[in-house]
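Topology and contacts: notes
Residue strings, one per chain:
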Amino acid sequence: MNKFELIKRDNIIKKMVSNSRAILTKQVDFVEGCFKMKVLIGNVTYIKPIDNIDLEIFSVFYHKMAFYPVGDEKEEYNKEFLEKLNLKIQLILDEFEKPILDKCEEIIKNSIF
């Protein structure tokens, strides 16, 4: 890894820490913050994977949520149909919220930034 890759990787890790804080403090929508984290993890992994933290939960969450509308996408759906989808979405959120919040705390705790 050359010095430019190291700088880029460190900047991405800083963004991961910032995003973790935003998720924990609800400054960003939970689902959108998790989707952003998946992208950041992919970007840092392209340079050199993070070895000391298992970040797989963000990918698993993304794949569970990938077929459901999030954010502005919800405006395109019929209200009754969206109510049914929201029940399914809530089940996923109930399953993943605590483990993801714990993982965000771990990211912050293990960060050197």
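The structure we're discussing is the one just above.
Presented here is an overview of the structure given in this document. (Residues numbered from 1 in each chain as written. Predicted model: local features only at pLDDT ≥ 70, side-chain atom pairs only at ≥ 80, totals over all residues. Heavy atoms only, no water.)

**Examining helix H4 (residues 79-109)**
Residue Phe 96 marks the point of greatest curvature in H4, where the axis turns by about 40°; the proline Pro 99 follows within four residues. Every buried residue of H4 is listed here: Leu 82, Leu 85, Ile 89, Ile 92, Leu 93, Phe 96, Ile 100, Lys 103, Cys 104 and Ile 107. Of the residues flanking the start of H4, the one acting as N-cap is Asn 78, its side-chain oxygen 2.7 Å from the backbone nitrogen of Glu 80. (Bend = angle between axes of the 7 residues up to and from the residue. Helix = DSSP H or I, 4+ residues; strand = E, 2+ residues; numbered from the N terminus. Buried < 20%, exposed > 50% of the residue type's maximum accessible area, 1.4 Å probe, protein only. Polar contact = N/O pair within 3.5 Å; in protein donor to acceptor, adjacent residues only side chain to side chain.)

**Structural notes on the side chain of Lys 103**
Tracing the backbone shows Lys 103 in helix H4. Judged by its relative accessible area of 13%, Lys 103 is buried. Those residues in contact with Lys 103 that lie beyond four places of it in its chain are Ile 53, Asp 54, Leu 55, Ile 57 and Phe 58. (Contact = heavy atoms within 4.5 Å.)

**Structural notes on the packing of aromatic side chains**
In this structure the tally under the stated criterion is five aromatic pairs. Centroid distance Tyr 77 to Phe 81: 6.0 Å. Interplanar angle 10°. Geometry classified as stacked. According to the relative accessible area criterion, Tyr 77 is partly exposed, its value standing at 34%. Members of the aromatic cluster, joined through ring pairs, are Phe 30, Phe 35, Phe 61, Tyr 62 and Phe 96. (Phe/Tyr/Trp six-rings, centres within 6.5 Å; stacked < 30°, edge-to-face > 60°.)

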